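Residues per chain are reported as follows:
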Amino acid sequence: MNIGLIIAGGKGQRMLQEIPKQFLNVNDKPVIIYTLEAFQSHPDIDAIGVVCVDGWHDILKAYARQYKISKLEWVVSGGENGQSSIRNGLFHAEGLYGPEDIVLVHDAIRPMVSHEIISDCIVQCKRRGSAVAVVPCNTVALRRTTEQTSSEVVLREKLALTQTPQAFRLGKLAQAHRRALEQGIENSTASCTLMIELGESVHFSIGAETNIKLTTPDDLKIFKALLALKEQA
């Protein structure tokens, strides 16, 4: 079984909006619905769970009914940061699915995720035990010497820019979160960083420059432009 675990537990202060950014309307549709529709329409996704910011559970369920997201099976509350939100979702999922099932952890605010990205994430996880969507670093990267200066170039050939989804066997990722708690790792920014902090290696799957994360008002403008191009195609 392949489970989409959609992380929508944040409030998104940098978007400068009163409501969480995953619930902002773009072309009369909430951002999170674009994301859910990508997983709903993918033939290899069997179930969807959402980790949702408190106070928005019923709204999310109403939207899911309105937009016929029939694969949505459960909604749980987020935590105080990304790591705890993912952990909440994983621990809930353990009671519903098997340890060998694949869970694809995905940001609700990456609404342009394609079927190709989801498919490759599943395939690579089945082959290698993990899959992290990445794109190459196509720009010059500098390491900060101070806040305002640098004297060191980081070779971009050695860098991979991570995205979501990030897929693992459910049992392995849930156990990693338990180990993290035991070791005092409490604010790892993503599933891949958590695994690496625990001494694990992760494997890559394909990402895309269009698989953008909506963090700032400028990101919303790019999203709207991508939607317009998609409608013209």
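Residues numbered from 1 in each chain as written. Predicted model: local features only at pLDDT ≥ 70, side-chain atom pairs only at ≥ 80, totals over all residues. Heavy atoms only, no water.

S.K.: How do you make sense of the layout of surface pockets when you look at a structure like this?
M.R.: To find leftover empty space, a probe the size of one water molecule is rolled over the atoms. Computed from the structure, the second largest pocket encloses a volume of approximately 330 Å³. Lining the second largest pocket we find 20 residues, and of these Y34, P111, M112, L227 and K230 sit closest to its centre. Looking at the lining of the second largest pocket, the element that brings in the most residues is helix 7 (residues 217–232), giving five residues. The residue inventory of the lining of the second largest pocket, partitioned by class, reads ten nonpolar, five polar and five charged. (1 Å grid on protein atoms, 1.4 Å probe; cavity = no way out; pocket = protein on both sides within 12 Å on 5 of 7 lines; lining within 4 Å. Points joined across faces, edges and corners; volume = space filled by probe spheres on them. Helix = DSSP H or I, 4+ residues; strand = E, 2+ residues; numbered from the N terminus. Nonpolar A, V, L, I, M, F, W, Y, C, P; charged D, E, K, R; others polar.)

S.K.: Is there a simple way to explain the side chain of K29 in this structure?
M.R.: The residue K29 is located in strand 3 (residues 29–30) in this model. Within polar-contact distance, the side chain of K29 engages the side chain of E37 at 2.9 Å. Once you skip the residues sitting within four places of it in the chain, K29 turns out to touch L24, Y34, E37 and Y67. (Polar contact = N/O pair within 3.5 Å; in protein donor to acceptor, adjacent residues only side chain to side chain. Contact = heavy atoms within 4.5 Å.)

S.K.: Hey, could you run me through the sheet that holds strand 11 (residues 204–206) in this one?
M.R.: Either a parallel or an antiparallel arrangement is found when strands of a sheet pair, and the pairing is made through backbone hydrogen bonds. On the basis of which strands lie adjacent, the open sheet formed by seven strands has the order 5-4-1-6-10-7-11 and mixed pairing. Both edges of this open sheet fall to strand 5 (72–77) and strand 11, since each of them pairs with a single strand only. In this sheet, neighbouring strand axes are inclined to one another by 30° on average, regardless of whether the strands run parallel or antiparallel. On the sheet, helix 2 (residues 57–66) packs against strand 4 (47–52) and strand 5 and is oriented at approximately 165° with respect to strand 5. (Pairing = 2+ DSSP bridges. Axes fitted to C-alpha atoms, helices over the stretch in contact; angles between N-to-C directions.)

S.K.: When you look at the environment of K224 in this model, what are you seeing that I'm missing?
M.R.: Structurally, the position occupied by K224 is in helix 7. A relative accessible area of 43% means that K224 is categorised as partly exposed. With 198 residues separating them in the primary sequence, K224 and V26 have C-alpha atoms 7.3 Å apart. (Buried < 20%, exposed > 50% of the residue type's maximum accessible area, 1.4 Å probe, protein only.)

S.K.: Explain the pairing of strand 10 (residues 160–169) to me, please; I cannot follow it from the model alone.
M.R.: In regular strands, side chains alternate between the two faces of the sheet. Sheet topology note: the strand 6 (residues 102–107)/strand 10 ladder contains four bridges and is antiparallel. Considered in strand 10, the bridge of I102 is made with R169. In the sheet, strand 7 (residues 130–136) pairs with strand 10 via six bridges, with the strands oriented antiparallel. Looking across to strand 10, one finds that V134 is bridged to T162.

S.K.: Please clarify how the side chain of T35 should be interpreted in this entry.
M.R.: Along the chain, T35 falls in helix 1 (residues 31–40). Of the residues examined, T35 reaches a relative accessible area of 0% and is grouped as buried. Beyond its immediate stretch of four places on either side in the chain, T35 contacts I6, H106, D107, A108, R110 and P111.

S.K.: What is the right way to read a nonpolar patch on the surface from this model?
M.R.: A contiguous nonpolar patch, built from V140, L142 and V153 and spanning about 300 Å² of accessible area, is present on the exposed surface. Position of L142 among the secondary structure elements: in strand 8 (residues 141–144). On the accessibility criterion, L142 (52% relative accessible area) is exposed. (Patch = residues over 30% accessible without salt bridge, like charges linked within 9 Å, V, L, I, M, F, W, Y side chains within 5 Å. Areas by Shrake-Rupley, 256 points an atom, 1.4 Å probe, with all protein chains shown as cover. Salt bridge = Lys/Arg side-chain N within 4 Å of Asp/Glu carboxyl O.)

S.K.: Sorry, what's going on with helix 5 (residues 170–183) here?
M.R.: In an α-helix, one full turn covers 3.6 residues, which means residues spaced three or four apart are oriented alike. Compared with the 20 Å implied by 1.5 Å per residue over 14 residues, the 20 Å span of helix 5 between its first and last C-alpha is a close match. If you check which residues of helix 5 are buried, you get L170, G171, L173, A174, A176, H177 and A180. Turning to helix 5, the residues buried within the fold contact helix 3 (82–94), strand 6, strand 10 and helix 6 (191–197). Positive phi shows up at G184, right after helix 5, with a value of about 80°. (Expected span 1.5 Å × (residues − 1).)

S.K.: For this particular structure, what's the right way to read the packing of helix 3 against helix 5?
M.R.: In a pair of packed helices, the angle between the axes and the distance between the axes together describe the arrangement. Packing of helix 3 against helix 5 brings their axes to within 10 Å, and their N-to-C directions diverge by 130°. Considered as vectors, helix 3 and helix 5 are oriented oblique to each other. Every pair of crossing elements has a handedness; the one defined by helix 3 and helix 5 is left-handed. Together, Q83, I86, R87, L90, F91, A93 and E94 of helix 3 and L170, L173, A174, H177, R178, A180 and L181 of helix 5 make up the contact between the two elements. Residues that form the contact of helix 3 with helix 5 fall into these classes: nine nonpolar, two polar and three charged. (Parallel < 35°, antiparallel > 145°, perpendicular 65-115°, else oblique. Left-handed = near helix turned anticlockwise from the far one by under 90°.)

S.K.: Even after reading the chapter, I still don't get the nonpolar core, so can you show me in this structure?
M.R.: Across soluble globular proteins, nonpolar side chains show a tendency to be buried alongside one another. Counting 31 residues, the largest nonpolar core has I32, L36, F39, I48, V50 and L104 as its most contacted members. In contact with V50, not counting residues within four places along its chain, are I6, A8, I32, L36, L60, L72, W74, V75 and V76. (Core = buried A, V, L, I, M, F, W, Y, C linked by side-chain atoms within 4.5 Å.)

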